Amino acid sequence: MVAYIIILTRLLVLIEREGDCLALDWTYIIKYLPQYEEALLLTLKLGVLGILLAAAVGLICAVIQYFHIRVLKQLVQAYIEIARNTPLLIQLFFLFYGLPKIGITLEAETAAIAGLGFLGGSYMAEAFRAGFEAVPTTQIEAGKSIGLSQLQLTRFVIFPQALSLSVPALGANCIFLLKETSLFSGIAILELMNTTRDLIGMYYKTNESLILLVAGYLIILLPLSLILTWLERRLRRAQFGN
Amino acid sequence: MLNSGIDVLFQGINLQRLLLGLWVTARIALISIILSFFFGILFGVLRTTGPKAVKVVLRLYLELFRIIPILVWLFVFYFVLPADFEINLSAEVVSILVFSLWGAAEMSDIVRGAVISLPVHQAESGKALGLSVWQLYRHVLIPQAMKRTLPPAINLATRLIKTTALLVMIGVIEVIKVGQQIIEQSSTEYPTAAFWVYAFIFVLYFIICYPLSAVSRRLERKWAA
């Protein structure tokens, strides 16, 4: 509370002598914009690859759980619990700093993608599983009664419905995982976060660097979040058959 | 070599140091959870009953904290407060501030979701009985919303605990930092130290978070009916 009041009074002082403190050094911003652009592209690249890996892992896990494949099901359950209940940063540190000590050396970017895939896989699995479980039993029974084989049933009845039902959760996971890419700065990858940290350390242009950082994330995440809201509304409308 | 590496954890006071580091992590998590639940419930109720302007501001605040990664928020607070406002808070206080702000935002959405998911006739019958807004919330809406709030609130708590791993990035001496110090000190004696120390911290987080998420899931299933 005290901190809030102090911030508020400071803000007032700041507004009074505006232009003094909040004035941005535009030459700095323009000079380092390309560096941020590069970092943004790297963030996107690693994020997208990690999400693709996560989706693949998640789908496989969800299928194993849905069809109750023995032994594998228990393994998947254990994997999901481990991945969901530990922080990504520790997973990354373990992959990047821990594993080389027992002879498995990963490059930073490989470790980043593997880490995001490991964490994301468990979230994606839950999203897909919820989709599978939401397919009404009447659909499956109807499919069986017209004589579809298990493969046909899965291919033409369960999959299309389950996948569209899990889209909102998958989208939310994509946003979540893209945000988690900020942790890649912990394993020496020059993405947005680390670029900012470097530049602040070198030039002390705190405001400019942080504004570029926040802008970078907004450029990635804001459109995605808007598309997702739209997609969710579309799907909901589709569900009611309008 | 693999078998001897794990000894690094029990060398000297290493284990004690790691657990002390864990205590720093736990303290920050605990204070943040308490603060975010308190303010989250307040904001959540305001988002269902407050004036329009308050609702808009709170929604904006939620979206801001949702869309920008927490690590970025930690950096913003850590660098901007001293540079522009001349407020020098320790990294620990900054992290409690950021986690509470984020937690309160997420909690407000959970509470709001729970309150508006209650059947409308509950609020309407309360009003018809002549209850004041305070009485309505105190005796009718909040007790019922509790059941729908608690499981996701526990989930939020585990997310907060997991996010404390980021503290190392703004220089809080918590469990990971202590781990790194131990790795550096013993790297000649135990070349595999990094593997074992990170594995140990991995297990520590799992031991704390797993029971919480298990409880949350059980409550959810129990109260789903």
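If you're wondering where the values come from, they're calculated on a predicted model, not measured in any experiment.

(A) The arrangement of the environment of G130 of chain B in detail. Residues and elements named next belong to chain B. Relative to the helices and strands, G130 is located in the loop between α6 (120-128) and α7 (133-163). C-beta crowding within 10 Å serves as the criterion here: with 8 such atoms nearby, G130 is assigned to the exposed category. For the pair formed by G130 and M107, sequence separation is 23 residues and the distance between their alpha carbons is 29 Å.

(B) A look at the nonpolar core. Counting 120 residues, the largest nonpolar core has L92 of chain A together with L74 of chain B as its most contacted members. Per-element tally for this core: the top contributor is helix α2 (residues 26-66) of chain A, with 15 residues. Discounting residues that sit within four places of it in the chain, L74 of chain B has contacts with V94, S95, V98, L166 and I170 of chain B.

(C) Looking closely at the packing of helix α6 (residues 137-145) of chain A against helix α7 (residues 150-180) of chain A. Residues and elements named next belong to chain A. Two numbers describe how α6 lies on α7: the axes approach to 10 Å, and their chain directions differ by 165°. Relative to α7, the element α6 is oriented roughly antiparallel. Here α6 runs over α7; the crossing is right-handed. Touching Q139, I140, G143 and K144 of α6 are L153, V157, I158 and Q161, all from α7. A breakdown of the residues in the contact of α6 with α7 according to their chemical character gives four nonpolar, three polar and one charged.

(D) How the structure looks around the interface of chain A and chain B. Between chain A and chain B, the contact holds 36 residues from the first and 33 residues from the second. Elements represented by at least two residues in the side of chain A that touches chain B include exactly α1 (2-16), α3 (72-84), α4 (88-98), α8 (192-203) and α9 (206-239) of chain A. It is α9 of chain A that contributes the most residues to the side of chain A that touches chain B, nine residues altogether. A class-by-class count of the residues in the side of chain A that touches chain B yields 23 nonpolar, eight polar and five charged.

Calculation notes
Residues numbered from 1 in each chain as written. Chains lettered and ligands numbered in written order. Predicted model: local features only at pLDDT ≥ 70, side-chain atom pairs only at ≥ 80, totals over all residues. Helix = DSSP H or I, 4+ residues; strand = E, 2+ residues; numbered from the N terminus. Buried ≥ 20, exposed ≤ 12 C-beta atoms within 10 Å, placed from the backbone. Core = buried A, V, L, I, M, F, W, Y, C linked by C-beta atoms within 7 Å. Contact = placed C-beta atoms within 7 Å. Axes fitted to C-alpha atoms, helices over the stretch in contact; angles between N-to-C directions. Parallel < 35°, antiparallel > 145°, perpendicular 65-115°, else oblique. Left-handed = near helix turned anticlockwise from the far one by under 90°. Nonpolar A, V, L, I, M, F, W, Y, C, P; charged D, E, K, R; others polar.

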